[in-house]
Amino acid sequence: MQETHSFSGNVEADSLSILRAITPILDPVRYKGQAGKIAVIGGCREYTGAPYFAAISALKIGADLSHVFCTKDAAPVIKSYSPELIVHPILEESYNIGGGDKEQISAKVVAEVDKWMERFDCLVVGPGLGRDPFLLDCVSEIIKQARRSNVPIVVDGDGLFLVTNSLELVSGYPLAVLTPNVNEYKRLVQKILNCEVDGDAAHGQLLSLAKRIGGVTILRKGKSDLISDGETVKSVSIFGSPRRCGGQGDILSGSVAVFLSWAKKVAAEGNLSVSPENPTMLGCIAGSALLRKAASLAFEDKRRSTLTGDIIECLGRSFEDICPAH
């Protein structure tokens, strides 16, 4: 574990400059889809809010289209939240397939997602997914599809439960982002580094964790968000709110997905003028900064009553404050 104690240096990211550098201009000659097409894989009968929060946040930030692939029970509920989302009721849980042919049903689910895969700029895997074994097996195959198609993946919520127990799904994939909270991060550290979280060596331990998984970028959520791709560590400490209502992580995953897709395009065009240059790092930094700004604005108004919806409503104003749309 010596490796976890060796990191030093100034790690605070210039998050506002990064956000401005990777945000595309609003150009009237652009057509629908060029500002991003995001898909959320999640939503079951118990959890319908999380995939909605992630998907609608992507739209509020500036993505053109936002899809949700969820179970049949979750779909009518998610559709009722907003007509803006494209909802695909194709995922299945164990209780719903009875004695059916699991392999055949799984192949059908995966094939349905695969028809859409090449259209997406980023997947968000995990919000409201639940832990049904059959559903998780299907999502494992969807992640493999995304890797084969070179589609970026942001893993959150129950998606982190899945990849923590099946690390090969993301290991070695440089377009994968993991966004663990305190408890999810603890499980990752215990599983992969075989030790406990070390608060005194937080930067070095995160660096080691990302390096050990191989290629992925990890955004460790906290009072300050820490981000590492195994090569460097950056933190985002600006703004923020003392209110910790459930759902903020879903906003973050949708935000990171959009900014990651934008950063990837800017990098491909050779127009990056900021550091670090890794699009996954840039997406995490920008997404973190914008969420923290929106949360701080929502808290100014709502105080203890701040809810996830209040923060989502502040995303546009926050973006305008940081990066005005001319």
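Up top you'll find the structure we're talking about.
Keep in mind that this is a model prediction, so the values were computed, not measured.

Criteria and thresholds
- Residues numbered from 1 in each chain as written.
- Predicted model: local features only at pLDDT ≥ 70, side-chain atom pairs only at ≥ 80, totals over all residues.
- Heavy atoms only, no water.
- Buried < 20%, exposed > 50% of the residue type's maximum accessible area, 1.4 Å probe, protein only.
- Helix = DSSP H or I, 4+ residues; strand = E, 2+ residues; numbered from the N terminus.
- Pairing = 2+ DSSP bridges.
- Right-handed = clockwise from strand over helix to strand, strands pointing away.
- Axes fitted to C-alpha atoms, helices over the stretch in contact; angles between N-to-C directions.
- Parallel < 35°, antiparallel > 145°, perpendicular 65-115°, else oblique.
- Left-handed = near helix turned anticlockwise from the far one by under 90°.
- Contact = heavy atoms within 4.5 Å.
- Nonpolar A, V, L, I, M, F, W, Y, C, P; charged D, E, K, R; others polar.
- Salt bridge = Lys/Arg side-chain N within 4 Å of Asp/Glu carboxyl O.
- Disulfide = S-S within 2.5 Å.

Asks: With reference to specific residues and values, describe the pairing of strand E4 (residues 122-125).
Replies: Side chains Cys122 and Val124 of E4 all project onto a buried face; the interleaved residues Leu123 and Val125 project onto the opposite face, where all are buried too. Here E4 pairs with strand E5 (residues 153-155) via 3 bridges, running parallel. By the bridge assignment, valine 125 is partnered in E5 with valine 155. Read as a crossover between parallel neighbours, the route from E4 over helix H6 (residues 133-148) to E5 is right-handed.

Asks: Lay out the packing of helix H1 (residues 15-22) against helix H11 (residues 279-302) with the relevant residues and their values.
Replies: The contact between H1 and H11 brings their axes to 9 Å, and the two run at 110°. As far as their axial angle goes, H11 and H1 are roughly perpendicular. For the pair H1 and H11, the crossing hand works out as left-handed. Only Leu282, Ile285, Ala286, Ala289 and Leu290 of H11 make contact with H1, whose side of the interface consists of Ser15, Ile18, Leu19 and Ile22. For the contact of H1 with H11, the per-class residue count stands at 8 nonpolar, 1 polar and no charged.

Asks: Can you break down the pattern of salt bridges residue by residue, with the values?
Replies: Note on pairing: side chains with opposite charge can pair once their charged atoms come close. Considering all chains together, one arrives at 10 salt bridges under this definition. Notably, a salt bridge pairs aspartate 225 with arginine 292, separated by 3.6 Å at the nearest N-O pair. A residue pair is termed long-range when its members are at least 10 positions apart, and aspartate 225 in strand E8 (residues 225-228) and arginine 292 in helix H11 qualify at 67 residues. Arginine 292 carries the same exposure label as aspartate 225, and that label is buried. As a salt-bridge pair, aspartate 321 and lysine 293 come within 3.7 Å of each other at their nearest N and O atoms. Placement of the pair is aspartate 321 in helix H13 (residues 315-322) and lysine 293 in helix H11, with a sequence separation of 28 residues. Accessibility expressed as a relative area gives 13% for lysine 293, which makes it buried.

Asks: Could you give an account of the state of the cysteines, naming the residues involved and the relevant values?
Replies: Tallying each qualifying case throughout the model produces 0 disulfides. The structure places no disulfide on cysteine 44, whose sulfur is separated from the nearest cysteine sulfur, that of cysteine 70, by 9.6 Å. A relative accessible area of 1% places cysteine 44 in the buried class. No disulfide involves cysteine 138; its nearest neighbouring cysteine sulfur is the one of cysteine 44, lying 13 Å away.

Asks: Can you break down unusual backbone geometry residue by residue, with the values?
Replies: Of the consecutive residues serine 275 and proline 276, the connecting peptide bond is found in the cis state with omega at 0°. Take proline 276: it is sitting in the loop between helix H10 (248-268) and H11. The phi angle at phenylalanine 239 is positive, at roughly 55°, despite the residue not being glycine. On the secondary structure map, phenylalanine 239 appears in the loop between strand E9 (233-236) and H10. Under the relative-accessibility criterion, phenylalanine 239 is labelled partly exposed at 36%.

Asks: Residue-level account of the sheet that holds E5, with values.
Replies: Taken in spatial order, the 9 strands line up as E3-E2-E1-E4-E5-E6-E7-E8-E9 in an open sheet, and their pairing is mixed. Edge positions in the sheet fall to strand E3 (86-91) and E9, since each has one partner strand and no second. In this sheet, neighbouring strand axes are inclined to one another by 20° on average, regardless of whether the strands run parallel or antiparallel. Across 5 bridges, strand E1 (residues 37-41) lies against strand E2 (residues 65-71) in parallel orientation. Bridging across to E2, valine 40 finds its partner in valine 68. Its contacts with the sheet put helix H9 (residues 202-213) on strand E6 (176-178), strand E7 (217-220), E8 and E9, and the angle it makes with E8 is roughly 40°.

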